[in-house]
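What follows is each chain in one-letter form.
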Amino acid sequence: MRTRVTRKLYSFVGFLLLAAAGLQAAESSAEHDQRMEWFRQARFGLFLHWGLYSVPAGEWNGNTNYGEWFLEETKMPVSQYEKFASQFNPVKFDANQWVRMAKDAGMKYIVITSKHHDGFGMFRSSLTDWCIKSTPFQRDPLKELSEACRKQGIKFCLYHSIMDWHHPDWGTRRPWNDKAAGSPDMDRFNDYLKGQLRELLTGYGPIGILWFDGQWEKPWTSERGLDLYNYVRGLQPNIIVNNRVGKPADSASGVGFAQRGRIGDYGTPEQEIPAKGFGPGVDWESCMTMNNHWGYNKYDQNWKSSTTLIRNLIDCSSKGGNYLLNVGPTSEGLFPQASVQRLAEIGRWMKVNGEAIYATQASPFEKLPWGRCTQKLSPKGATLYLHVFDWPPGSKLLVPGLRNSVEKAYLLTSKHSSLSTHTSAEGVVINVPATAPDAASSTIVLKIKGMPEVDQPVPRQQPDGTLVLAAGDARLHGEQIRYESGNQRDNIGFWFDPKEWVDWEFDVKKPGKFDVAVEIAAPADASIRVECTDQRLQAAAPITGDYGKFQWVELGQLTIQNPGKGLLSIHAVPDGWHPVNVRSVRLKPASGSK
Ligand code: FHN
């Protein structure tokens, strides 16, 4: 199967979806592209979760696992939580130093909490005293940060929680909110929410992104979300708004984002990188912590390595998305030392390899055994950036399925050098040095003639004739169904809609009769149908009780008449459908077959 990449087509899809959401702010495809351009080029940003919760720094009554959900998880009376304000005095806060560290790490934008779920404003609001005014710190940290960003050429962006555990008018009032009186009034709350956003959008200069969050609770509706999206765009027309302003309740993975009727400009998978991105025309950004907490927790020393963070950034870029990496500053106004160290290490890598990340597009390869790929396309041809995580033994790197002729190949660490290449039946082979230039990831630049032409590898028979169709090789047909990988997942999931289905292209050298089995996990009853050429097999899924518990189910036999390419699909049987996960399909030569 050959793939070609063209962004124009894809962004038109994005435009149609936005327009379909009935947005007053519907814009032309070209205007949408123009507004999103800096975001697509940036690829890498800093997330900052900073607030009163940094005062207890994760600990309370012997429990040391708190973060920014401190108030909700301790269920502390709000009147007691409010006392942290008098202890919040970040005298070591230096906005220019924060921005410098982000910039040196190669980050192009900063998203900082103007208000998290505790409702505390990290800016000097005229609408409430529940903000920085009530602390000994008589400055405005957001004002100082916005100025530092402007001075150093980094986009200043805001995270603003819709849900507000402190405000008396937020619809789901907490029993421990002993400061709230009367009944909640969501219309009054909406006015307050808009009032504070007006303060932020008219008093802190141009805002790159409004990163909404906390939209999932019942009192918030899609109608309010659409209205808020348009309100914000009305105040700053060029602002970008994420998908957590509206519903469908976009789960942390942002799956809802790709569904029809979404509101917002991009998807926001959280603590994960979608296995195959969100497909063409969908902008997205994966947000992630460096340890296990968004807000500062001085006990959490479970830090991801710089190599992991660099590879996450590459992985996001290779799938056409951004990486928003979080730091939780202390109540003194400092970044934790472990965060400082990782930002510096990422910066050293970005200094050499930044061109392979910024303004790149998604890989033309569905998967690569040794790493990832990003690319830049021009009328003259394409530049492929091969991000090699696992350096090949024997100094030969195969780029599987690549059919283009190579104009030039070199290591990004030594641009004047050139690497010899040749084409084989399997793809392009590059002769590389014995050792990798960078243990985290080494970048090889491949300049090719024309647009990438790739024969995507298709599953082939094992020596004994068995053909295994793995979830990662499936082609997905639908907006919700998706491939999940990582954290012990390697399956097709989110199969909510029985009209959606999956299929595999395969290649057999030894045709014949095969016993067909599917590895499936089903919490509730469901039936599936396998189709191959004109044959159909159907079976009830074994109820395994859990999406992670898989069993093989035998469906019977099918015949593949001729060698070569074939297609097998799995469909849901609509009546009484419940979602299932599928890990693989196995075609085993039937006993007695030739
Ligand atoms: O509840 C928040 C959480 O505290 C944090 O802000 C993350 C970051 O995206 N968002 C919500 C959880 O999805």
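Structure: see above.
A short tour of the structure in this document, coming up. If you're wondering where the values come from, they're calculated on a predicted model, not measured in any experiment. (Residues numbered from 1 in each chain as written. Predicted model: local features only at pLDDT ≥ 70, side-chain atom pairs only at ≥ 80, totals over all residues. Heavy atoms only, no water.)

A word on the site of the ligand
No. 1: Around the ligand, a shell composed of 14 residues is seen, among which H49, E68, H117, D213 and E270 lie nearest.
No. 2: With respect to the ligand, the side chain of W69 contributes an N or O atom lying 2.8 Å from an oxygen atom.
No. 3: The separation between an oxygen atom of the ligand and a polar side-chain atom of H116 is 2.9 Å.
No. 4: Grouping the amino acids of the shell around the ligand by side-chain chemistry returns 7 nonpolar, 3 polar and 4 charged. (Near = heavy atom within 4 Å. Polar contact = N/O pair within 3.5 Å; in protein donor to acceptor, adjacent residues only side chain to side chain. Nonpolar A, V, L, I, M, F, W, Y, C, P; charged D, E, K, R; others polar.)

Regarding the sheet that holds strand β2 (residues 109–115)
No. 1: Sheet architecture is open: 7 strands sit in the order β5-β4-β3-β2-β1-β8-β7, paired in parallel fashion. In this open sheet, the two edge strands, each paired with only one partner strand, are β5 (240–241) and β7 (285–288).
No. 2: Bridge analysis of strand β3 (residues 155–161) against strand β4 (residues 209–213) gives 4 bridges, and the strand direction is parallel. When the sheet's bridge partners are listed, Y159 is paired in β4 with W211.
No. 3: Along the sheet, helix α7 (residues 186–203) makes contact with β2, β3 and β4, crossing β3 at roughly 165°. (Pairing = 2+ DSSP bridges. Helix = DSSP H or I, 4+ residues; strand = E, 2+ residues; numbered from the N terminus. Contact = heavy atoms within 4.5 Å. Axes fitted to C-alpha atoms, helices over the stretch in contact; angles between N-to-C directions.)

Some words on the state of the cysteines
Two cysteines form a disulfide when their sulfur atoms are joined by a covalent bond.
No. 1: The final tally for this structure, using the stated rule, is 0 disulfides.
No. 2: You can see C287 has no disulfide; the closest cysteine sulfur is in C316, sitting 9.9 Å from it.
No. 3: We classify C287 as buried; its relative accessible area is 0%.
No. 4: With relative accessibility at 0%, the residue C316 sits in the buried group. (Disulfide = S-S within 2.5 Å. Buried < 20%, exposed > 50% of the residue type's maximum accessible area, 1.4 Å probe, protein only.)

Focus: α7
No. 1: Relative to the 26 Å expected for 18 residues at 1.5 Å per residue, α7 spans 25 Å between its end C-alpha atoms, a close match to the ideal helical length.
No. 2: Listed in full, the buried residues belonging to α7 are M186, F189, N190, Y192, L193, K194, G195, Q196, L197, E199, L200 and L201.
No. 3: Where α7 is buried, its residues contact β2, α6 (141–152), β3, β4 and α8 (222–235).
No. 4: With a side-chain oxygen positioned 2.9 Å from the backbone nitrogen of D187, the residue opening α7 is D185.
No. 5: Positive phi appears at G205, one or two residues downstream of α7, with a value of about 75°. (Expected span 1.5 Å × (residues − 1).)

Quick notes on empty space enclosed by the protein
No. 1: Under the definition given, this model contains 5 cavities of 30 Å³ or more.
No. 2: In this model, the largest cavity occupies a volume close to 140 Å³.
No. 3: For the lining of the largest cavity, the residue count by class is 4 nonpolar, 2 polar and 6 charged.
No. 4: Its boundaries defined by the atoms lining it, the second largest cavity holds a volume of some 80 Å³.
No. 5: In terms of lining, the second largest cavity is formed by 14 residues, of which the most central are N291, H293, W303, G328 and P336.
No. 6: A class-by-class count of the residues in the lining of the second largest cavity yields 6 nonpolar, 8 polar and no charged. (1 Å grid on protein atoms, 1.4 Å probe; cavity = no way out; pocket = protein on both sides within 12 Å on 5 of 7 lines; lining within 4 Å. Points joined across faces, edges and corners; volume = space filled by probe spheres on them.)

Focus on the pattern of salt bridges
No. 1: A full pass over the atoms with the stated rule returns 33 salt bridges.
No. 2: Here R536 ties to E531 by a salt bridge, and the two come within 3.1 Å at their closest N and O atoms.
No. 3: With a relative accessible area of 57%, R536 lands in the exposed category.
No. 4: Among the ionic pairs, R586 bridges to E554, the shortest N-O distance being 3.5 Å. Of the two residues, R586 sits in strand β26 (residues 581–589) while E554 sits in strand β24 (residues 551–560), which places them 32 residues apart along the sequence.
No. 5: Each of the salt bridges in this network shares a partner with another, and the network as a whole consists of E27, R35, R233 and D265. (Salt bridge = Lys/Arg side-chain N within 4 Å of Asp/Glu carboxyl O.)

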